[in-house]
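If you want the building blocks of each chain, they are given just below.
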Amino acid sequence: MEKVRIENVESRTGPADVKRPLTRALGATDLSLNYYELAPGDSFAFGYHAHSNQEEVFYVQSSTVTFETDDGEVEATSGEVVRFAPGDYQRGVNRGDERVVALALGAPQDSGDLDLRRDCPDCGERTTNTIERAGDETGLVTVCEDCGAETGRFD
Ligand SMILES: [Zn+2]
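As a further point, take the coordination of the zinc ion. Looking at the zinc ion, the protein donor atoms are C120 (SG), C123 (SG), C144 (SG) and C147 (SG), and they sit 2.2 to 2.4 Å from it. If you look at the zinc ion, its 4 donor atoms make angles of 105 to 114° with each other, and the shape they trace is tetrahedral. Sequence positions of the residues that donate to the zinc ion give the spacing C-x2-C-x20-C-x2-C. Residue classification places C123 among the partly exposed residues on the basis of a relative accessible area of 30%.

For the rest of this paragraph, the subject is the packing of aromatic side chains. Geometry of an aromatic ring pair is reported as the spacing of the ring centres plus the angle between the planes. Scanning the model with the defined rule gives 8 aromatic pairs in all. An angle of 35° between the planes, with centres 5.6 Å apart, marks the rings of Y48 and Y89 as tilted. Of this pair, Y48 sits in strand β3 (residues 48-51) while Y89 sits in the loop between β7 (81-84) and β8 (90-93), and the two are 41 residues apart along the sequence. Residue class for Y48 comes out buried when judged on its relative accessible area of 9%. Arranged with centres 5.1 Å apart and planes meeting at 55°, the rings of F58 and F67 form a pair that is tilted.

Turning to the pattern of salt bridges, a few remarks are in order. Applying the stated criterion across every chain yields a total of 8 salt bridges. Linked through salt bridges whose partners overlap, the residues forming this network are D17, E37 and R99.

Our focus in this paragraph is the domain arrangement of the protein. One widely used convention gives an interface's size as the accessible area the parts lose upon coming together. In terms of domains, the protein is made up of domain 1 (6-111) and domain 2 (115-154). Between domain 1 and domain 2, the C-alpha centre-to-centre distance is 20 Å. The interface is formed by 11 residues belonging to domain 1 together with 10 residues belonging to domain 2. Linking domain 1 with domain 2 are 1 salt bridge, by the criterion used here. With a shortest N-O distance of 2.9 Å, E68 and R126 are connected by a salt bridge. In this assembly, domain 1 and domain 2 are joined by 6 residue pairs in polar contact (both at pLDDT 80 or more). Looking at the side of domain 1 that touches domain 2 element by element, the count peaks at 3 residues for β3.

This part is about unusual backbone geometry. The amide bond that connects A107 to the next residue, P108, takes the cis arrangement and shows omega of -5°. Mapped onto the elements, P108 comes out in the loop between β9 (100-107) and β10 (114-120). The phi dihedral of S63 falls on the positive side, at around 70°, and the residue is not glycine. Inspection of the secondary structure assignment puts S63 in the loop between β4 (55-62) and β5 (64-69).

Quick notes on the rules
- Each chain has its residues counted from 1, following the order in which its sequence is written.
- Two thresholds apply to this predicted model, a pLDDT of at least 70 for residue-level local features and 80 or more for giving and counting side-chain atom pairs, whereas whole-chain, interface and lining totals are computed over all residues.
- To get the side-chain values, all heavy atoms of the structure are used, and hydrogens and water are removed first.
- Metal sites are built from N, O and S donor atoms within 2.8 Å, or 3.2 Å for Na, K and Ca, and they leave out water, so they may look incomplete.
- Only two sets of limits are used to name each site, 85 to 135 degrees for every angle of a tetrahedral four-donor site, and over 155 degrees for opposite donors with all other angles from 65 to 115 for a square planar four-donor or octahedral six-donor site, with any other site named irregular.
- When a residue's accessible area, from a 1.4 Å probe over protein chains only, is under 20% of the maximum for its type it is buried; when over 50% it is exposed; and in between it is partly exposed.
- Aromatic pairing here means that ring centres of Phe, Tyr or Trp (its six-membered ring) are within 6.5 Å. Orientation follows from the plane angle: under 30 degrees is stacked, over 60 is edge-to-face, and everything else is tilted.
- Helical segments are the DSSP runs of H or I of at least four residues, strand segments are the runs of E of at least two, and each set is numbered from the N terminus.
- A pair is scored as a salt bridge if a Lys or Arg side-chain nitrogen falls within 4 Å of a carboxyl oxygen belonging to Asp or Glu.
- Throughout, the edges of the domains are those of an automatic or database domain assignment.
- Residue contacts follow a heavy-atom distance rule, with two residues in contact if any of their heavy atoms lie within 4.5 Å.
- Pairing of N or O atoms within 3.5 Å defines a polar contact, subject to two protein rules: one partner must be a possible hydrogen donor and the other a possible acceptor, and residues neighboring in sequence count only if both atoms are side-chain atoms.

Right, here's the structure in full:
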């Protein structure tokens, strides 16, 4: 048995104000687990994306998350759970005025290939992106695979 106090797990840089990775902290072997707090405008993910080999479940503990999906936008509010199958594209964003608290579960841990899409201002369309360490080492950037433009910066 393992027990962890979530607030004691260090937060990671990214598109969410708080992301505490709990997988290793708990020694989980088959499941990937992350705790999130989203400030208004924040997102769970770096962009619209799919994992080729991993299903994802989001439990919204407080406030409301708006998920962009292939079926349009879907809102999930406090007390609701949402499941995406492997290969489903999605991105959850906090469009409200209050902080979102949520848990994200993925299985299996090895998510397979990540296909990450973001709007590229240079290409003028949504393109496939990669996530890279910023040149000044202070954060992360998303980069268009087609033209090399930086499409986002996360500190
Ligand atoms: Zn581009």
